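Residue-level structural notes
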Amino acid sequence: MKVNNVELVISAAKPHQYPDIGLPEFALAGRSNVGKSSFINRMIGRKSMARISSKPGKTQTLNFYKIEDTLFFVDVPGYGYAKVAKTERALWGPMIETYMADRPQLAACIHIVDLRHAPSADDVVMYDFLKHNEIPAIVIATKADKIPKGKWQKHLKVVKETLDFDPLDEIIVFSSETGLGKEEVWKAVKRRMYNDKEYEKANLEESE
């Protein structure tokens, strides 16, 4: 997908602040230090649209990025960072759950995990939450550039087993550094946006 127009529409904390546009939305979830901002910037071809903080856990709102007037990436607060105050985490939890469980525009959750390591207990809780609420997941196994290509499948197996991965979901090896997996992610996003005929038409129009 060619991305020319991107806009941070709003940083929202409550449902009445969410954009009332009706475009499909893709929530981005992951640990605070897993590289969600780097993922967003690579996907939209920007260096600093999503701010990369030196302090993990700094995002405290739902950040709605409108892409090509076609869809939203919704960056949600990262989880699992011990130095974030418990009072702040207590506020984020209901905010994220309310958005993900009740938002009809939510097409899927892009769940970012670190390919180098087995998913954490928090990663498992997030994935279980998605399954419990019947939210489709696109699992991004990022930081693939940090390990040899010959070991990717071994690490993917660990990720799948730890998450008890649903074969109806998708899992993609990714690197924000090299761009590996970028096109596969856009294809997965479009599959969640369109039915089969619409997907084929969208791909045809983009290739022309």
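On a predicted model such as this, the values are computed, not experimentally measured, just so you know.

Conventions adopted
Residue positions are given per chain, counting from 1 as you read along its sequence in written order. This being a predicted model, a pLDDT of at least 70 is required before a residue's local features are given, and a value of 80 or more before pairs of side-chain atoms are given or counted; all residues contribute to the totals for chains, interfaces and linings. The side-chain figures draw on all heavy atoms in the structure; neither hydrogens nor water molecules are used. Accessibility here uses a 1.4 Å probe with only protein chains present; expressed as a share of the type maximum, an area under 20% marks a residue as buried, one over 50% as exposed, and anything in between as partly exposed. We count a stretch as a helix when DSSP gives it H or I for four or more residues in a row; a strand needs E for two or more, and each element gets its number in order from the N terminus. Only strands that DSSP links by at least two bridges are regarded as paired with each other. A pair of aromatic rings is counted whenever rings of Phe, Tyr or Trp (Trp by its six-membered ring) have centres within 6.5 Å, and the orientation is called stacked for planes under 30 degrees apart, edge-to-face for over 60 and tilted otherwise. The span one expects for a helix is its residue count, reduced by one, times 1.5 Å.

1. Some remarks on the pairing of strand S2 (residues 25-30)
In terms of burial, S2 is largely enclosed, as six of its six residues are buried. Alternating residues of S2 divide into Glu-25, Ala-27 and Ala-29 and Phe-26, Leu-28 and Gly-30, and every residue in both groups is buried. Sheet topology note: the S2/strand S5 (residues 106-114) ladder contains six bridges and is parallel. Opposite Gly-30, over in S5, you have Ile-112 as the bridge partner.

2. Brief notes about the packing of aromatic side chains
Scanning the entire structure with this criterion turns up eight aromatic pairs. Both rings, one in Tyr-18 and one in Phe-64, keep their centres 5.6 Å apart while their planes meet at 40 degrees; by these two values the pair is tilted. Of this pair, Tyr-18 sits in the loop between strand S1 (6-12) and S2 while Phe-64 sits in strand S3 (residues 62-67), and the two are 46 residues apart along the sequence. Given a relative accessible area of 0%, Phe-64 falls into the buried group. Here a set of aromatic residues connected by ring pairs shows up, and it is made of Tyr-18, Phe-64, Phe-72 and Tyr-99.

3. Some points on helix H5 (residues 182-193)
For H5, with twelve residues, the first-to-last C-alpha span of 17 Å sits near the 16 Å given by 1.5 Å per residue. Looking only at H5, the buried set comprises Val-185, Trp-186, Ala-188, Val-189, Lys-190 and Met-193.

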